[in-house]
Amino acid sequence: MKDLNIQELERRFQEKIDNDIKIEPRDWMPEEYRQTLIRQISQHAHSEIVGMLPEGNWITRAPNLRRKAVLLAKVQDEAGHGLYLYSAVETLGADREQTIDDLHTGKAKYSSIFNYPTTSWADMGAIGWLVDGAAIMNQVPLCRCSYGPYARAMVRVCKEESFHQRQGFEIISLLAQGTPEQKEMAQDALNRFWWPALMMFGPNDAESPNTLQSMKWKIKRLTNDELRQQFVDVTVPQAHMIGLTIPDKDLKFNEETGHYDFGVIDWAEFWEVVKGNGPCNKERVDARRKAKEDGQWVRDAAMAYAEKRKIQKAS
Amino acid sequence: METKEALFEYVLRIGDDSLILGHRVSEWCGHGPILEEDIALTNIALDLIGQATNLLDYAGQLEGKGRDGDALAFLRYDREYKNLLLVEQTNGDFGKTILRQFLFDAYRTLLLTRLSKSTDEQLSAIAVKSLKETKYHLKHSSEWVIRLGDGTEDSHSRIQSSLDALWKYTDEIFFANEVDALLEKEGIIPSMEGIKNEWTFFVSDIFAEAGLVIPTNNWKQEGGRTGRHTEHLGYLLAELQYMQRAYPDMKW
């Protein structure tokens, strides 16, 4: 009898999804759907927060006041995105602090692009242009995701991401048209970030076992390879326009398909970085853990103070 | 000394305060004790950098030698920076950062309130805009001073030791020389005496509420306003100026 009920609940759930009716926090949902979302949204939130570090690395060294202010605003937006996303995770019954602890113990993942170092100012351009550009490709379809709170958070996030992408492109195009040193800096940043940016879309479809279920649940709307192709098609002409060279000798426009063909991604590198062996994995997680540990006394003080005020008010 | 020259010097001082403190606070970005505070501190840094931009651009105009805000922010030598020693002090823990901010915000709110009525239109316009932001900063920092002072034993002793360490830099806030005398006479800037009295009253009040004790050691350290800085400024400038020094005369 109970089994029948669950079957009926699942049928109604899938019917809503098929009719593009959003699933809201209080609606019944299959446990795997909930867990998939908790994993994906918290991973997304962690990416925003860890993503503050490589860019934060250049705030004190930004080359002029305007760039400094824009970079601060951008990194602050990322913290804000982290906040909405952690709130979306909480609507699924997960605890924000617990999910953050999972990041610190290495149990939870985040976008592996942030495990690459930012060694020059041009990286601020490359990150905005390529990393935020790739993030937009991933996130625009998420605005139509079946889970209401995530979809709504994405609408706001995407608006800000498109500003980030433009400021990144502005930085890199200015460098590409600048002095020889600046041009070299821009090309070097593109060389370092191009392949990791392509990896941001995740493994090839054949290697991505969760994609099918996520598409059925409309958590995902496009496959990894579809999104990656879309990114390449948009970004390559931009690189050409500003006179930079994509570091891929196999890159070629295919007249027949109307898309760019591109070289084989080094998946061994991707999996190594995911496993924790990227150039900055340890630094990034250590920095986040240190922030939490160093802030413990501050949070304790705030709690103790609030408690005292509550008692004072009651008496 | 001409009014314009004095005003250049004065605007530089308060512009440098914003620049150097903004730099310090921006070092927190990504490392705050809780996400909400990370956002708050980054926002304060952003406001301060914005104020520095307005003030230093104006200083450049007053100087009339073709230097803009960027040239002043990035291409001076350490002795030419006129910020308070207080704002160049290192962040320390969150409590020290908050306490430094509080001592500064309390002064800056009083100053900007008065500068809003300056006879110099440009200075008054910048003050009006900055005051809105600074009032929020003061609300934020004073609430945290109280919370940390009256939180746990640990937080109390931490913030008390920050107060003990930073107190010696507070007298310089009210530094005044012939520049101030001239500008005050023309109604461009307010008297520091009035600000000092109100500041002392205000911070004492907050410290009393937080259960913090103002140090009795009366030794005071000054020098920032005349370009004699602590050892910390050199490192700060090495970072701040890195790009402009390593890649001179380029557009970014």
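Our subject is the structure listed above.
A short tour of the structure in this document, coming up. (Residues numbered from 1 in each chain as written. Chains lettered and ligands numbered in written order. Predicted model: local features only at pLDDT ≥ 70, side-chain atom pairs only at ≥ 80, totals over all residues. Heavy atoms only, no water.)

## Focus: the overall build of chain B
Point 1. Looking only at helices and strands, one finds eleven helices and zero strands in chain B.
Point 2. Relative to its length of 252 residues, chain B is compact, with a C-alpha radius of gyration of 18 Å against a globular reference of 18 Å.
Point 3. Dimensions of chain B along its principal axes, counting C-alpha atoms only, are 55 × 45 × 30 Å.
Point 4. Residue burial in chain B is summarised as follows: out of 252 residues, 60% are buried.
Point 5. A separation threshold of at least 6 residues defines the contact pool for chain B, and within that pool the share at least 24 residues apart is 81%.
Point 6. Put simply, chain B shows about 10,300 Å² of open surface, and 51% of that area lies on carbon and sulfur atoms.
Point 7. Side chains of chain B give 27 positive and 41 negative charges; the mean places of these two sets differ by 3 Å. (Helix = DSSP H or I, 4+ residues; strand = E, 2+ residues; numbered from the N terminus. Rg over C-alpha atoms; globule rule 2.2 N^0.38 Å. Buried < 20%, exposed > 50% of the residue type's maximum accessible area, 1.4 Å probe, protein only. Contact = heavy atoms within 4.5 Å. Areas by Shrake-Rupley, 256 points an atom, 1.4 Å probe, with all protein chains shown as cover. Lys, Arg positive; Asp, Glu negative; His and termini not counted. Charge placed at Lys NZ, Arg CZ, Asp CG, Glu CD.)

## A look at the overall build of chain A
Point 1. Looking only at helices and strands, one finds 13 helices and two strands in chain A.
Point 2. Scaling as 2.2 N^0.38, a compact globule of 315 residues should have a C-alpha radius of gyration of about 20 Å, and chain A matches this with 21 Å.
Point 3. Each of the three principal axes of chain A carries a C-alpha extent, and together these read 70 × 55 × 35 Å.
Point 4. The buried share of chain A, taken over its 315 residues, is 55%.
Point 5. Long-range pairs, those at least 24 residues apart, make up 77% of the contacts in chain A with a sequence separation of at least 6.
Point 6. Per element, the accessible surface of chain A, about 14,600 Å² overall, is 55% carbon and sulfur.
Point 7. Where the 42 positive side-chain charges of chain A centre and where its 46 negative ones centre are 7 Å apart.

## Observations regarding empty space enclosed by the protein
Point 1. Applying the stated criterion across every chain yields a total of two cavities of 30 Å³ or more.
Point 2. Of the volumes computed, that of the largest cavity is approximately 180 Å³.
Point 3. Around the largest cavity sit 15 residues that line it, and E97, I100 and R288 of chain A together with I34 and L35 of chain B are the ones nearest its centre.
Point 4. Those elements giving two or more residues to the lining of the largest cavity turn out to be α5 (96–105) and α12 (281–294) of chain A together with α2 (35–63) of chain B.
Point 5. Top element by residues in the lining of the largest cavity is α5 of chain A. It accounts for five residues.
Point 6. Here the lining of the largest cavity is built from residues that sort into seven nonpolar, two polar and six charged.
Point 7. Taken as a whole, the second largest cavity encloses approximately 40 Å³ of empty space. (1 Å grid on protein atoms, 1.4 Å probe; cavity = no way out; pocket = protein on both sides within 12 Å on 5 of 7 lines; lining within 4 Å. Points joined across faces, edges and corners; volume = space filled by probe spheres on them. Nonpolar A, V, L, I, M, F, W, Y, C, P; charged D, E, K, R; others polar.)

## Focus on the packing of aromatic side chains
Centre distance and the angle of the planes are the two values used to describe a pair of aromatic rings.
Point 1. Taken as a whole and judged by the stated rule, the model has 19 aromatic pairs over all chains.
Point 2. Judged by centre distance (4.9 Å) and plane angle (75°), the ring pair of F270 of chain A and W271 of chain A falls under edge-to-face.
Point 3. Since its relative accessible area comes to 7%, F270 of chain A is described here as buried.
Point 4. Where Y247 of chain B meets W252 of chain B, the ring centres are 5.9 Å apart and the plane angle is 75°; that geometry is what we call edge-to-face. (Phe/Tyr/Trp six-rings, centres within 6.5 Å; stacked < 30°, edge-to-face > 60°.)

## Quick word on helix α10 (residues 224–241) of chain A
Residue and element names in this part refer to chain A.
Point 1. Between its first and last C-alpha, α10 extends 26 Å over 18 residues, near the 26 Å set by a 1.5 Å rise per residue.
Point 2. Here α10 has its buried residues at N224, L227, R228, Q229, F231, V232, D233, T235, V236 and A239.
Point 3. Those residues of α10 that are buried lie in contact with α6 (122–139), α8 (180–199), α9 (211–216), β2 (259–261) and α11 (267–277).
Point 4. Looking one or two places after α10, you find G243, whose phi comes out positive at around 80°. (Expected span 1.5 Å × (residues − 1).)

## What to know about the side chain of K68 of chain A
Point 1. Summarising the element assignment, K68 of chain A is placed in helix α4 (residues 65–90).
Point 2. No salt bridge is formed by the buried K68 of chain A, whose closest oppositely charged neighbour, E239 of chain B, lies at an N-O distance of 7.8 Å.
Point 3. If sequence neighbours within four positions are ignored, K68 of chain A has contacts with I59, T60, R61 and A62 of chain A together with H23, I49, F74 and L240 of chain B. (Salt bridge = Lys/Arg side-chain N within 4 Å of Asp/Glu carboxyl O.)

## Here's the deal with the interface of chain B and chain A
Point 1. On the side of chain A, 45 residues touch chain B, which itself brings 46 residues to the contact.
Point 2. Of the roughly 4,000 Å² buried at the junction of chain B and chain A (both faces included), carbon and sulfur atoms supply 71%.
Point 3. Per-residue buried area on chain B facing chain A is highest for L35, L46 and W252 of chain B; these three make up 18% of the total on that side.
Point 4. The tally of links between chain B and chain A comes to three salt bridges. (Buried area = accessible area lost by both parts, 1.4 Å probe.)

## Things to note about unusual backbone geometry
Point 1. At D20 of chain A, a position not held by glycine, the phi torsion is positive, near 60°.
Point 2. The residue D20 of chain A is located in the loop between α1 (2–18) and α2 (31–50) in this model.
Point 3. In this structure, D249 of chain B is a non-glycine residue whose phi angle is positive, near 55°.
Point 4. Along the polypeptide, D249 of chain B turns up in the segment after α11 (242–246).

## A closer look at the side chain of D248 of chain A
Residues and elements named next belong to chain A.
Point 1. With respect to the helices and strands, D248 occurs in the loop between α10 and β1 (252–254).
Point 2. Buried within the structure, D248 lacks any salt-bridge partner; its nearest side chain of opposite charge belongs to K249, at an N-O separation of 6.3 Å.
Point 3. A polar side-chain atom of D248 sits 2.8 Å from the main-chain amide nitrogen of G263.
Point 4. Leave out the neighbours within four places in its chain, and D248 touches W194, W195, F262 and G263. (Polar contact = N/O pair within 3.5 Å; in protein donor to acceptor, adjacent residues only side chain to side chain.)

## What about the pattern of salt bridges?
Point 1. For the coordinates displayed, the defined rule picks out 42 salt bridges over all chains.
Point 2. A salt bridge links R192 of chain A to D188 of chain A; the shortest N-O distance between them is 3.1 Å. Linking R192 of chain A with D188 of chain A, this pair stays in helix α8, spanning four residues, or about one helical turn.
Point 3. For D188 of chain A, a relative accessible area of 35% puts it in the partly exposed group.
Point 4. The partner of D16 of chain B in a salt bridge is R76 of chain B, with the nearest N and O atoms 2.6 Å apart. You can see D16 of chain B sitting in helix α1 (residues 3–26) and its partner R76 of chain B sitting in the loop between α3 (69–74) and α4 (85–88), a full 60 residues away along the chain.
Point 5. Note on R76 of chain B: relative accessible area 2%, which makes it buried.
Point 6. Among the charged side chains, a salt-bridge network with shared partners connects R96, E97, D101 and K292 of chain A together with E36 of chain B.

## A look at α2 of chain B
Point 1. The end-to-end C-alpha distance of α2 of chain B, which contains 29 residues, comes to 42 Å, matching closely the 42 Å that a straight helix rising 1.5 Å per residue would cover.
Point 2. Count one or two residues on from α2 of chain B and you reach G64 of chain B, which has phi positive near 70°.

## Topic: a nonpolar patch on the surface
Point 1. A surface patch of nonpolar side chains, amounting to about 230 Å² of accessible area, comprises I6, L9 and W28 of chain A.
Point 2. Looking at the element boundaries, I6 of chain A is found in helix α1. (Patch = residues over 30% accessible without salt bridge, like charges linked within 9 Å, V, L, I, M, F, W, Y side chains within 5 Å.)

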